[in-house]
Amino acid sequence: MEASDGAAVRGGMEGMGRYALPTGTEYRGTLKDGLFDGEGELLFPNGGVYRAVWHRGVPTQGKYTFADGLEYKDKKWHYCDGYDRRFYTEICSGLIEPDISQLTNLDPPPEIPKGCYDCGDGFYDPETRVVVDYKFRFLRNADDEEHEWIIQTCRQAWDETSEPQPKP
C-alpha cells in the first residue's frame, strides 16, 4: 500500500491523504491514526467510486456510483430486475435499433480475448482463474464459486457472432 500526502503523527497518517492500493484502487480523503476517518472516497480501476463517511477504517454511510453514472441503491433497486432488463446506457440514451443486439452495457462491447469470458468488470481466464479489467490490469483471483458463475453465465470469446455468409 502506498501512502502519500497527509502528515505522519505517532506513526500513522493524519489529515487529508491518499492511499494507492496494489489493486489500483485509490483512497482519497481524511485519515486518522493511519485509518480512513471522516469523508473520503475509493476510486476503483473500473471507474466506479465509493464515497463514504468513515469511522476508524469502516464506512458508516456511503454510496457507490458505477463508471457509467448509475448509482447503486440497496433499497428499491430496480435496475436490471426481472421486470426491466435494459442496460443503464439504454435507460439513459434509449434503445438501439431493433435488429441490433446490445450485448453489454458498453456499446460496442469489448472484444473478448480468445478462451476468456466477459464477467462485467473485465475479462476472466478460466485457465489461470484471474480476472483483469478491460485494460488488462489485475483485479482478482476467482474463487470456485465465482469461477462456476462465470462459466455458466458470462459471454465467452467464442460466442462472438459473425455476419451471415452467403450460400455458395
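Preceding this section is the structure that the text describes.
All values reported here derive from a predicted model rather than from experimental measurement.

Chemist: Quick question: what am I supposed to make of the overall build of the protein here?
Modeler: Helices and strands together make up the secondary structure of the protein, namely two helices and eleven strands. Counting helices and strands in the order they occur from the N terminus, the protein gives β-β-β-β-β-β-α-β-β-β-β-α-β. In the protein, which comprises 168 residues, the proportion classed as buried is 32%. Looking at the protein alone, contacts between residues at least 24 apart form 15% of all its contacts between residues at least 6 apart. As presented, the protein carries roughly 11700 Å² of accessible surface, and 53% of it is formed by carbon and sulfur atoms.

Chemist: What am I meant to see in the sheet that holds strand β9 (residues 130–132) here?
Modeler: Paired through backbone hydrogen bonds, the strands of a sheet run either parallel or antiparallel to each other. One open sheet accounts for five strands, arranged β10-β9-β8-β7-β11; its pairing is antiparallel. Sheet topology places β10 (138–141) and β11 (155–156) at the edges, where each strand pairs with a single neighbour. Relative to strand β8 (residues 123–125), strand β7 (residues 117–118) runs antiparallel, the two being bridged by two bridges. Within β8, the position partnered with Tyr117 by the bridge is Tyr124. Here helix α2 (residues 144–153) sits on the sheet in contact with β7, β8, β9, β10 and β11, set at roughly 110° to β8.

Chemist: Looking at this model, I keep getting lost on α2. Mind explaining?
Modeler: In an α-helix, one turn spans 3.6 residues, which is why side chains three or four residues apart end up on the same side. Those residues of α2 that sit buried are Glu146, His147 and Ile150. Mapping the buried residues of α2 onto a view down its axis gives an arc of 105°, with all of them on the same face. Turned more than 90 degrees from where α2 packs its buried face, Asp144, Glu145 and Gln152 sit exposed. On its buried side, α2 packs onto β7, β8, β9 and β10.

Chemist: Help me understand the environment of Gly120, please; the structure alone is not making it clear to me.
Modeler: Following the sequence through the fold, Gly120 ends up in the loop between β7 and β8. Taking the relative accessible area as the measure of exposure, Gly120 reaches 58% and is therefore exposed. Sequence spacing of Gly120 and Asp133 is 13 residues, and the spatial spacing of their C-alpha atoms is 9.1 Å.

Chemist: Is there a simple way to think about the environment of Asn46 in this case?
Modeler: Position of Asn46 relative to the elements: it lies in the loop between β4 (35–43) and β5 (49–55). According to the relative accessible area criterion, Asn46 is partly exposed, its value standing at 37%. Each C-alpha atom of the pair Asn46 and Asp133 lies 6.7 Å from the other, and the pair is 87 residues apart in sequence. Not counting residues up to four positions away in its chain, the partners in contact with Asn46 are Tyr64, Ala67 and Asp121.

Chemist: Where do I start with the environment of Pro22 in this structure?
Modeler: Summarising the element assignment, Pro22 is placed in the loop between β2 (12–20) and β3 (26–32). Expressed as a C-alpha distance, the spacing of Pro22 and Phe138, which sit 116 residues apart in the sequence, is 9.4 Å.

Chemist: Just checking my understanding: could you explain the packing of aromatic side chains for this structure?
Modeler: Two aromatic rings, taken as a pair, are described by how far apart their centres are and by the angle between their planes. If you walk through the whole model with that rule in mind, you get nine aromatic pairs. Among the aromatic residues, those joined into a ring-pair cluster are Tyr19, Tyr27, Phe36, Tyr50 and Trp54.

Chemist: Just checking my understanding: could you explain the pairing of β10 for this structure?
Modeler: A regular strand places its side chains so that they alternate between the two faces of the sheet. Examined bridge by bridge, β9 and β10 share three bridges and lie antiparallel to one another. Among the inter-strand pairings, Val131 is bridged to a residue of β10, identified as Arg140. Counted along the chain from β9 to the antiparallel partner β10, the turn is five residues long, and its residue Phe136 has a positive phi close to 65°.

Chemist: Before we go on, may I ask you to explain the nonpolar core in this structure?
Modeler: Most often, soluble globular proteins keep nonpolar side chains buried together rather than apart. Ranked by size, the top nonpolar core spans ten residues in total: Met13, Tyr19, Tyr27, Leu31, Phe36, Leu42, Tyr50, Ala52, Trp54 and Tyr64. No other element matches β5, which puts three residues into this core. Ignoring anything within four residues of it in the chain, the contact list for Tyr64 reads Phe44, Asn46, Gly48, Val49, Tyr50, Leu70, Glu71 and Tyr72. Counting residues in each nonpolar core, the second largest holds eight residues, with Cys119, Val131, Leu139 and Ala142 among its members.

Reading the values: rules and limits
- Residues numbered from 1 in each chain as written.
- Predicted model: local features only at pLDDT ≥ 70, side-chain atom pairs only at ≥ 80, totals over all residues.
- Heavy atoms only, no water.
- Helix = DSSP H or I, 4+ residues; strand = E, 2+ residues; numbered from the N terminus.
- Buried < 20%, exposed > 50% of the residue type's maximum accessible area, 1.4 Å probe, protein only.
- Contact = heavy atoms within 4.5 Å.
- Areas by Shrake-Rupley, 256 points an atom, 1.4 Å probe, with all protein chains shown as cover.
- Pairing = 2+ DSSP bridges.
- Axes fitted to C-alpha atoms, helices over the stretch in contact; angles between N-to-C directions.
- Arc of directions from axis to C-beta.
- Phe/Tyr/Trp six-rings, centres within 6.5 Å; stacked < 30°, edge-to-face > 60°.
- Core = buried A, V, L, I, M, F, W, Y, C linked by side-chain atoms within 4.5 Å.

Just distances and angles here, no functional claims.
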